[in-house]
Amino acid sequence: MSLATRMPTSTRGRWITLSVAAAAWAGAYWVNEHLWDVVFYDLLGMAPTDRLTQSLHFFFYDTVKIALLLSGIIFVITILRSYMSIERTRALLGGRREGVGNVMAAGLGVVTPFCSCSAVPAFIGFVAAGVPLGVTMSFLIASPLVNEIAIGLLLTLFGWQVTLLYVAAGLSIAVVGGWVIGRLHLERWVEGFVFETRLGGQVVDSTTGLTFNQRVQIGAEEVVTILRKIWPYLLVGIGVGAVIHGWAPEDLFTEYAGPGNAFGVLVAVLVGIPLYSNAAGILPLVEALYDKGLPIGTLLAFMMAVVALSLPEMILLRRVLKPQLLAVFIAVVGTSIVAVGYLFNVLLS
Amino acid sequence: MIVKVLGPGCRNCKNLERAVRAAVDELGVDATIEKVTDFPTIVGYGVMSTPGLVVDEKLLVSGRVPSAAEVEDLLAAVCTP
């Protein structure tokens, strides 16, 4: 039995069901805020200042908190995004000139439902339909970089200023990166079959005509799919964060990547590129490092490098991009991320 | 009837294939199920987000995994024009 068939079909019943779910979620979140204080300090009698207590407290509290936040954020965002589709995005981008096209593509990259396994068909579909290469690249950069899950998590962990910076920086990188690649006229470094692909006459929009209950179903399925996919990254991220939180001396990281080190951002990005995780897995780590005094620009650059430049995505893109263009792509995005990191460190210090 | 499941082989494509097999069994129709993993061909059907479901060369679903019941309805509609 699927959720869609069990959901009440009346508007009223549907809202009651969703309200009950929201209340249960808020209740669980509230319990988690207090549960671990009671468990560790009162029941187990552990000292709040003890390092082991701090690490364990961070680990359990953060695991539940992030899991709850992710479930809520993914559910809501997926339902909202189910009103958008990659087909509509392509129609909006078709015939746009560069410049305006890059800005639109970056914005649409954030709101269009998109999974990295569709990066290749989307790339072919865009380019074969006449969307300029640079505009297509803006879309492909923005889509993983400005991650809606990261936005939700940043908002709850760091507040709206940092979130706004993150979104603005990600969009700028996507616009500029795509525009630069477009200006360089690198079409010759796209695999030839892309331009020879003949598009079928019929286009089925992936998300129109769904009932609201089907969208709720898709939202719930997405929560399960994503959590199942990322839980190892999440636990590793929170685990490392917990160790840093309890054990790392205050000056360990600030010495190598702190405000005093001119190469801090560069180091953070170089460390981040080979690391493969997603925004949700990396944020607990970022949170712990922030507590240890690392500047936010360095941390955002680190996070973007981990999320936007990953080996699996590069292997996928290699199917449509020749090595030269792939190298340009990595260089442009990597450089932009470093620049953004330094800019934020200067602006916020 | 020829049913094609479009997708490079990610989990969604496998889920769709499972739903298609279940639907075909349930309906008891004579259908050939083919997998299309080649990107130019996938995009040639107009699919930009996988998986895609093509029945007798007509694209019916793209970008999401329909339930077995929904696939059944779609296939039944093709069988009885």
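Residues numbered from 1 in each chain as written. Chains lettered and ligands numbered in written order. Predicted model: local features only at pLDDT ≥ 70, side-chain atom pairs only at ≥ 80, totals over all residues.

Undergrad: What exactly am I supposed to notice about the overall build of chain A here?
TA: Each helix and strand counted, chain A has 17 helices and zero strands in total. By its C-alpha atoms, chain A is 70 × 60 × 30 Å across when sized along the principal axes. Sorting the 349 residues of chain A into buried and exposed places 42% on the buried side. Restricting the contact set of chain A to residue pairs at least 6 apart, pairs at least 24 apart contribute 87%. (Helix = DSSP H or I, 4+ residues; strand = E, 2+ residues; numbered from the N terminus. Buried ≥ 20, exposed ≤ 12 C-beta atoms within 10 Å, placed from the backbone. Contact = placed C-beta atoms within 7 Å.)

Undergrad: What am I meant to see in helix 13 (residues 264-272) of chain A here?
TA: Because the α-helix completes a turn every 3.6 residues, residues three or four places apart line up on one side. For helix 13 of chain A, the full list of buried residues reads Gly264, Val265, Ala268, Val269 and Gly272 of chain A. The buried residues of helix 13 of chain A occupy an angular sector of 130 degrees when projected down its axis, which confines them to one face. (Arc of directions from axis to C-beta.)

Undergrad: Help me understand the environment of Thr197 of chain A, please; the structure alone is not making it clear to me.
TA: Inspection of the secondary structure assignment puts Thr197 of chain A in the loop between helix 10 (193-196) and helix 11 (212-247). With 19 C-beta atoms counted inside 10 Å, the residue Thr197 of chain A sits in the partly exposed group. Distance in space between the C-alpha atoms of Thr197 of chain A and Ala128 of chain A is 6.4 Å, their sequence separation being 69 residues. In contact with Thr197 of chain A, other than residues within four places in its own chain, are Ile124 and Ala128 of chain A together with Pro40, Val43 and Gly44 of chain B.

Undergrad: Just to check I follow, could you spell out helix 1 (residues 11-27) of chain B for this structure?
TA: Residues and elements named next belong to chain B. End to end, helix 1 covers 24 Å across 17 residues, agreeing with the expected 24 Å (1.5 Å per residue, within 8%). Every buried residue of helix 1 is accounted for by Asn12, Cys13, Leu16, Ala19, Val20, Ala23 and Val24. On an axial view of helix 1, the arc spanned by its buried residues comes to 135 degrees, and they lie on one face. In this fold, the buried residues of helix 1 make contact with strand 1 (2-6), strand 2 (32-36), strand 3 (52-55) and helix 3 (68-79). Gly28, located one to two residues past helix 1, shows a positive phi value of around 65 degrees. (Expected span 1.5 Å × (residues − 1).)

Undergrad: Explanation requested: the interface of chain A and chain B in the structure shown.
TA: Reports of interface size often rely on the accessible area that becomes lost once the parts have come together. Across the boundary between the two partners, chain A contributes 26 residues, which contact 20 residues of chain B. Counting residues per element, the ones that place at least two in the side of chain A that touches chain B are helix 4 (86-93) and helix 6 (119-128) of chain A. Sorting elements by how many residues they give to the side of chain A that touches chain B places helix 6 of chain A first, with six residues. Looking at the side of chain A that touches chain B residue by residue, the classes come out as 13 nonpolar, nine polar and four charged. (Nonpolar A, V, L, I, M, F, W, Y, C, P; charged D, E, K, R; others polar.)

Undergrad: What's the story with the sheet that holds strand 2 of chain B in this structure? I'm lost.
TA: Strand pairing in a sheet relies on backbone hydrogen bonds, with the paired strands running either antiparallel or parallel. Residue and element names in this part refer to chain B. Overall, mixed pairing links the four strands, which are arranged 2-1-3-4 in an open sheet. Two strands close off the open sheet at either side, each with one partner strand: strand 2 and strand 4 (58-62). Averaged over all pairs of adjacent strands, the angle between strand axes in this sheet comes to 20 degrees, irrespective of strand direction. Judged from the four bridges that link them, strand 3 and strand 4 form a sheet pairing that is antiparallel. When the bridges of strand 4 are listed, Gly52 appears paired with Ser62. Sheet strands in contact with helix 1 are strand 1, strand 2 and strand 3, and its direction is about 160 degrees off that of strand 1. (Pairing = 2+ DSSP bridges. Axes fitted to C-alpha atoms, helices over the stretch in contact; angles between N-to-C directions.)

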